[in-house]
Amino acid sequence: MMTKYICTEKIDVDEVVRKLYDFSTLGALSIPGFLTEEARKELLTGIKDSEHLFITVEREKKKSGVIQEMKTFYLERLAEGELSRTLQDAVANLAAEYAEMYEHLAEKAHFTSRRFNSIGVHHYWVGSAGITPHQDYAADMDLVASFVLQGNAPFGVCKNRQKDGAVYLEASPGTLIFMRAARNEQEQPARPFHFLEGSVAEERYSILIRNRAAKKMKELEY
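Please read these numbers as outputs of a predicted model, since none were measured by experiment. Residue positions within a chain follow its written sequence, with the count starting from 1. Local features in this predicted model are restricted to residues of pLDDT 70 or higher, and side-chain atom pairs are both shown and tallied only at a pLDDT of 80 or more, whereas totals for entire chains, interfaces and linings draw on every residue. Hydrogens and waters are ignored; side-chain quantities use all the structure's heavy atoms.

> How would you sum up the packing of helix H2 (residues 37-48) against helix H3 (residues 85-109)? Please name residues and give values.
The axes are straight lines fitted to the C-alpha atoms, using for helices just the contacting stretch, and the angles between their N-to-C directions are given from 0 to 180°. The secondary structure listing takes helices from DSSP runs of H or I that are at least 4 residues long and strands from runs of E that are at least 2 residues long, numbered from the N terminus. Packing of H2 against H3 brings their axes to within 8 Å, and their N-to-C directions diverge by 145°. Once H2 is placed against H3, the crossing between them reads as left-handed. Facing H2, whose interface residues are Glu-42, Leu-43, Thr-45, Gly-46 and Ile-47, H3 presents Thr-86, Leu-87, Ala-90, Val-91, Asn-93 and Leu-94. Crossing chirality is assigned from the near helix's rotation relative to the far helix, an anticlockwise turn below a right angle marking it left-handed and a clockwise turn marking it right-handed. Contacts are assigned to residue pairs with any non-hydrogen atoms lying within 4.5 Å of each other.

Set out below in structure tokens:
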């Protein structure tokens, strides 16, 4: 019997859509216990088998001054056969279960697409400075989902890069963090500012799933 990866019963789709796309809010929410323990174990095992794929990102974004200390890799950027079979299978299970729920969200919230096309793995090491307040890329459309696999670093959302109005969300292992993304050009300014507070006390791994607009891929800058 295949491992159950996500607990969809923890989500009220109508409530998620109402909260995220109410533009008087910061535009983020978290759902603790969304990933099963078995799913986290299988995903982490696969990631540990794929450690060689991580790339350390540029520490300071010249355009914005955002500081980030993390490593990443994105499945869609890998050549065929680069990903370990363990992680390939685990991510496929997660994506398949999440896709069904994503379609419901897409229908209710009128997304630009009913499918996502980007899956990335993020790693913050012990002592990392995390990442300072920033908005995700303009190329990220509709919704950003972050599945916390390991680590419990403080995750906050706020009004701007100065951390005004900061609110901290539950971000323990197994939590799903949703952040709204723009469904059209008019909504681009409403992308939530968010941050991961350093110094990171324990290794943090997360999987990010999003839909990236091909025509905006050249705008991948904070």
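Here the narrative resumes.
> Talk me through the pairing of strand S11 (residues 204-212); I want residue IDs and the actual numbers.
Counting buried positions over the nine residues of S11 gives nine, a clear majority of the element. Should DSSP find at least two bridges between two strands, the strands are regarded as paired. Examined bridge by bridge, strand S4 (residues 118-124) and S11 share seven bridges and lie antiparallel to one another. Across the sheet, His-122 pairs through a bridge with Ser-206, a residue of S11. Summarising the sheet, strand S6 (residues 140-150) and S11 pair through eight bridges and their orientation is antiparallel. Among the inter-strand pairings, Val-148 is bridged to a residue of S11, identified as Ser-206. The buried label applies to any residue whose accessible area, calculated with a 1.4 Å probe on protein chains only, is under 20% of its type's maximum; exposed applies above 50%, and partly exposed to all values in between.

> For the packing of aromatic side chains, give the residues involved together with the corresponding values.
Stacked, edge-to-face and tilted are the three classes for Phe, Tyr and Trp ring pairs, Trp counted by its six-membered ring, which pair at centre distances within 6.5 Å; planes under 30 degrees apart are stacked, over 60 edge-to-face, the rest tilted. All told, the structure shown has ten aromatic pairs when counted by the stated rule. When the ring of Tyr-102 is compared with that of Phe-111, the centres are 5.5 Å apart and the planes differ by 55°; the resulting orientation is tilted. Summarising the burial analysis for this pair, Tyr-102 and Phe-111 share the class buried. Taken together, a centroid distance of 5.6 Å and an interplanar angle of 90° make the contact between Tyr-168 and Phe-195 edge-to-face. A residue pair is termed long-range when its members are at least 10 positions apart, and Tyr-168 in strand S8 (residues 167-169) and Phe-195 in strand S10 (residues 193-197) qualify at 27 residues. On the basis of relative accessible area, Tyr-168 is assigned to the partly exposed category, the value being 41%. On the basis of relative accessible area, Phe-195 is assigned to the buried category, the value being 1%. Each residue in the set Tyr-21, Phe-34, Tyr-98, Tyr-102, Phe-111, Phe-116 and Phe-147 is aromatic and connected to the rest through ring pairs, giving one cluster.

> Could you give an account of the sheet that holds S10, naming the residues involved and the relevant values?
The strands that make up a sheet are held in pairs by hydrogen bonds between backbone atoms, and each pair lies either parallel or antiparallel. Taking strand neighbours across the sheet as the criterion, the four strands line up as S5-S10-S7-S8 in an open arrangement whose pairing is antiparallel. On the outer flanks of this sheet lie strand S5 (130-134) and S8, each paired with one strand and no other. Geometrically, the sheet is characterised by an average inter-axis angle of 30° between neighbouring strands, direction not taken into account. Here strand S7 (residues 155-158) pairs with S10 via four bridges, running antiparallel. From the neighbouring strand, Cys-158 faces S10, where its bridge partner is Phe-193.

> I'd love a proper account of the pattern of salt bridges, names of residues and values included.
Just to be clear on terms, a salt bridge is a Lys or Arg side-chain nitrogen sitting within 4 Å of an Asp or Glu carboxyl oxygen. In the structure shown here, the tally under the stated rule is twelve salt bridges. With its nearest N and O atoms 3.5 Å apart, the salt bridge here joins Glu-9 to Lys-4. Taking relative accessible area as the criterion, Lys-4 reaches 44% and is therefore assigned partly exposed. Between Arg-59 and Glu-69 there is a salt bridge, with its nearest N and O atoms 2.7 Å apart. Pair noted here: Arg-59 is in the loop between strand S2 (55-56) and strand S3 (71-74) and Glu-69 is in the loop between S2 and S3, with a separation of ten residues, a long-range link. Glu-69 sits in the buried class, given a relative accessible area of 17%.

> Can you lay out the layout of surface pockets for me, pointing to particular residues and giving the numbers?
A pocket, in this scheme, is an open set of points on a 1 Å grid over the protein atoms alone with protein on both sides within 12 Å along at least 5 of 7 lines, while a cavity is a set where a 1.4 Å probe fits but cannot get out; residues line either one if an atom lies within 4 Å of a point. Grid points are joined across faces, edges and corners, and a volume is the space filled by probe spheres set on the points. By volume, the largest pocket is sized at about 520 Å³. Every residue lining the largest pocket is counted, 32 residues in all, and those nearest its centre are Val-57, Met-70, Thr-72, Tyr-74 and His-122. When contributions to the lining of the largest pocket are tallied by element, the ones reaching two or more residues are S2, S3, S4, S5, S10 and S11. A per-element tally of the lining of the largest pocket places S11 first, with five residues.

> So, the sheet that holds S2: which residues are in play, and what are the values?
Ordered by their spatial adjacency, seven strands build an open sheet running S1-S9-S6-S11-S4-S3-S2, and the pairing between neighbours is antiparallel. Unpaired on one side and paired on the other, strand S1 (28-31) and S2 mark the two borders of the sheet. Strand direction decides the pairing type here: S3 and S4, joined by four bridges, are antiparallel. Bridge pairing in S4 links Phe-73 to Val-121. Sheet contacts for H2: S4, S6 and S11; angle to S6, the most-contacted strand, approximately 90°.

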